[in-house]
Amino acid sequence: MADHTAETGSSSAMLDVIVVGAGFAGVYAVYKFRRLGFSVRAFEAGGDVGGTWYWNRYPGCRCDIESIYYSYQFDDDLQQEWEWTERYASQPEILSYIRHVADRFDLRRDIRFNTRVTAARFEAASGQTPSHWTVATNGGQTHKARFCVMASGVLSAPNLPDIPGRDTFAGKSHHTGRWPRDGVDFTGLKVAVVGTGSSGIQSIPLIAEQAERVTVFQRTPNYAVPASNRPLEPHELNDIKSRYGEIRAASKKGFTALPFKPAGPSALGVSGGEREQVYEHWWRNNGLAFQGAFADLLFNEDANLTAANFVRNKIRELVNNEEVAERLTPRFPLGCRRMCVDTRYYATYNRTNVTLVDVSRRPIDGIVPEGVCVGGAVHAADAIVFATGYDAITGALLAMNLRGRGGLSLRDKWAEGPRAYLGLAARGFPNLFMVNGPGSPSVLINMVTGVEQHIDWIADCLAHLRNRGLDAVEAIAQHEDAWAAHNNEVAERSIRGNCASWYNGANIPGKPGGFMPYVGGFPAYSEKCEQVAQNGYEGFALS
Ligand code: NAP
């Protein structure tokens, strides 16, 4: 399907809502706000809907949450008619799904594609003009809306490391998050892959099957558990559809908005043999949920060590060369950094055309026209794949020049680290909402469920203001501070708070620290949001 062209021309009309981004969040936002009778327009940098699933077309790209959960639940007919073909959907299938949603609800007429928002400024009410946001786009146009909803994605601002000589490389280089639409043919090429997070771990096996030679540059090994993907049989899908309501309700009670229940409260409360059986079962069947096999794995270091050692032993079994297996073995607690899923990843290192170069102690010196240099030696390459991740959670927000009340810039406000009340709104930025902002569960839960919860909450809030003839909503400082303190406190209780990772911005040089996603789980978070709304939007100033 062809991409859509950009629309030119500023608009003087005052919209109710501008949505930035048309991934899962933006698409649902357009549907929801329109349904509630708000005038809405979304701006999307890509050529079509899809967000992360539009840009990430690298080989092997696939969701690591099961398709029956990683899908919308707002419309039962949609849920009943869509046929997922695999347990974990591939990128093309997810992109087809989100395109289908846009078609089915005729959403594209309110989305402007190939249009990147570059700035947004809050203007206080004056005379007959209500307070509003003026939004500028890359084509030089401006648009106005009373409210702004930033659905700009949490893993959408690619991180391309500043390696000396990067631009001198003679071959082609690609970031996994900006993969060419028509794919890349690596046949007969020597390929260097930098990065071994989820994107590297998914793409390396497929690149290795095609390329003449693959050299992987690994700074930190990660834990990968079997993806256990397989086709979804029609009878399984029918059974799920007959119980979808129940399944969705059970998922919302799950810590990660998924219906997994741990095998027990503590990995230390059962015998070694029993524990191994549990791990073996979760390893074979449950993908990423492995890290929740016992309820204390992410909260108790000794419990965590039992699971970490289980996976470390598996790596030793899967990789023939002992030295390579050791290099691939993570030393930090399991789940402390985002876990990955393995489809032939570890086994790929048994291939004769794959080499693992450890750059943990000796970093990449530079890139030269012929390849990648480490310790003075050049590893020849015809192509480089940067699987080097993202400026996560805040990157896309800070890439726009966002200016709140009195011209306050979001970058200045967050100079010491990001804070937002409930991860939804920042003081000084009235009438601006973030979807999956810092301080919300975002990347730690099933994101589609999280997105629906956020958009529903924002839509209810806008309807509340409209019903009462109110103009503005803004987080109150004391509540924003209290939420940030609570966020830190729950992060410290979890082993996740202890590692350098993209969760706390450690992957981006100079990025202020602090654990960004809310670790308290989806049920506690959504309950808090509901309470806030029921108490007349407690913690927000309405005017
Ligand atoms: P990532 O997890 O941040 O991994 C980036 C990798 O690049 C890391 O191994 C990092 O090493 C390495 N790196 C960065 N700069 C480097 C440098 N200068 N020299 C050497 N290595 C360097 O990024 P990602 O793999 O794109 O994944 C990001 C997130 O997206 C995932 O955690 C996940 O949440 C999501 N995702 C999900 C799926 C899925 O659903 N299956 C797939 C892909 C991505 P260090 O670790 O040492 O910094």
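Bear in mind that the values here come from a model prediction, so they are computed numbers and not experimental data. (Residues numbered from 1 in each chain as written. Predicted model: local features only at pLDDT ≥ 70, side-chain atom pairs only at ≥ 80, totals over all residues. Heavy atoms only, no water.)

### A look at the sheet that holds strand β12 (residues 354–358)
The five strands lie next to each other as β7-β16-β8-β9-β12, forming an open sheet whose pairing is parallel. Each of the sheet's edge strands pairs with one partner strand only, and the pair in question is β7 (172–175) and β12. The average undirected angle you get between the axes of adjacent strands in this sheet is 20°. Here four bridges tie β7 to strand β16 (residues 383–386), and the two strands are oriented parallel to one another. Among the inter-strand pairings, S173 is bridged to a residue of β16, identified as I384. (Pairing = 2+ DSSP bridges. Helix = DSSP H or I, 4+ residues; strand = E, 2+ residues; numbered from the N terminus. Axes fitted to C-alpha atoms, helices over the stretch in contact; angles between N-to-C directions.)

### Describing the packing of helix α8 (residues 272–285) against helix α9 (residues 301–318)
At their nearest, the axes of α8 and α9 sit 11 Å apart, and the two run at 60° to each other. Classed by the angle they form, the pair α8 and α9 counts as oblique. In terms of crossing hand, the pair formed by α8 and α9 is right-handed. From α8, R275, E276, Y279, E280 and W283 reach across to α9, where they touch A303, T306, A307, F310, V311, K314 and L318. (Parallel < 35°, antiparallel > 145°, perpendicular 65-115°, else oblique. Left-handed = near helix turned anticlockwise from the far one by under 90°. Contact = heavy atoms within 4.5 Å.)

### A look at the packing of aromatic side chains
Here the structure, examined in full by the defined rule, presents 39 aromatic pairs. Positioned above the aromatic ring of Y54, the side-chain terminus of R57 is 4.7 Å from the ring centre. Geometry around F38 places R466 over its ring, the cationic atom sitting 4.1 Å from the centre. (Phe/Tyr/Trp six-rings, centres within 6.5 Å; stacked < 30°, edge-to-face > 60°. Lys NZ or Arg CZ within 6 Å of the ring centre and 35° of its normal.)

### A word on the domain arrangement of the chain
Each assigned domain of the chain is listed with its residue range as follows: domain 1 (14–157 + 392–542), domain 2 (158–222 + 338–389) and domain 3 (260–331). Counting residues at the interface gives 15 residues for domain 2, matched by 12 residues for domain 3. Between domain 2 and domain 3, roughly 1,200 Å² of surface is buried when both sides are summed, and carbon and sulfur atoms account for 69% of that area. Along the contact surface separating domain 2 from domain 3 lie zero salt bridges. In this structure, the connection of domain 2 to domain 3 is made through four residue pairs in polar contact (both at pLDDT 80 or more). At the level of elements, β11 (340–342), α11 (345–348) and β12 are the ones that each hand at least two residues to the side of domain 2 that touches domain 3. Looking at side-chain class alone, the side of domain 2 that touches domain 3 contains nine nonpolar, three polar and three charged residues. (Domains from an automatic or database assignment. Buried area = accessible area lost by both parts, 1.4 Å probe. Salt bridge = Lys/Arg side-chain N within 4 Å of Asp/Glu carboxyl O. Polar contact = N/O pair within 3.5 Å; in protein donor to acceptor, adjacent residues only side chain to side chain. Nonpolar A, V, L, I, M, F, W, Y, C, P; charged D, E, K, R; others polar.)

### Re the pattern of salt bridges
Across all of its chains, the model carries 27 salt bridges by this definition. E83 is the partner of K241 in a salt bridge, and the nearest nitrogen-oxygen pair spans 2.9 Å. With K241 in helix α6 (residues 234–242) and E83 in the loop between α3 (76–81) and α4 (91–104), this pair connects stretches of sequence that are 158 residues apart. Measuring nitrogen to oxygen at the nearest pair gives 2.8 Å for the salt bridge that ties E480 to K413. Remark: K413 occurs in helix α13 (residues 410–413) and E480 occurs in helix α15 (residues 477–493); sequence separation between them is 67 residues. Residue classification places E480 among the buried positions, given a relative accessible area of 3%. When its relative accessible area of 21% is taken as the criterion, K413 is described as partly exposed. Connected through salt bridges with shared partners, the residues D48, R99, D103 and R108 form a single ionic network. (Buried < 20%, exposed > 50% of the residue type's maximum accessible area, 1.4 Å probe, protein only.)

### As for the side chain of S251
Relative to the elements of secondary structure, S251 occurs in helix α7 (residues 244–253). Taking the relative accessible area as the measure of exposure, S251 reaches 5% and is therefore buried. For S251, the contacting residues outside a window of four places in its chain are Y69, A257, L258 and P259.

### Notes on the state of the cysteines
If you walk through the whole model with that rule in mind, you get one disulfide. Disulfide pairing places C336 opposite C499 at an S-S distance of 1.9 Å. Taking the sign of the S-S torsion, 115° for the link of C336 and C499, the bridge is right-handed. With C336 in the loop between α10 (322–327) and β11 and C499 in the loop between α15 and α16 (522–534), the pair connects residues that are 163 residues apart, well separated along the chain. According to the relative accessible area criterion, C499 is buried, its value standing at 10%. Lacking any disulfide linkage, C61 is separated from the closest cysteine sulfur, that of C63, by 8.6 Å. Given a relative accessible area of 7%, C61 falls into the buried group. Left unpaired, C529 is separated from the closest cysteine sulfur, that of C461, by 11 Å. (Disulfide = S-S within 2.5 Å.)

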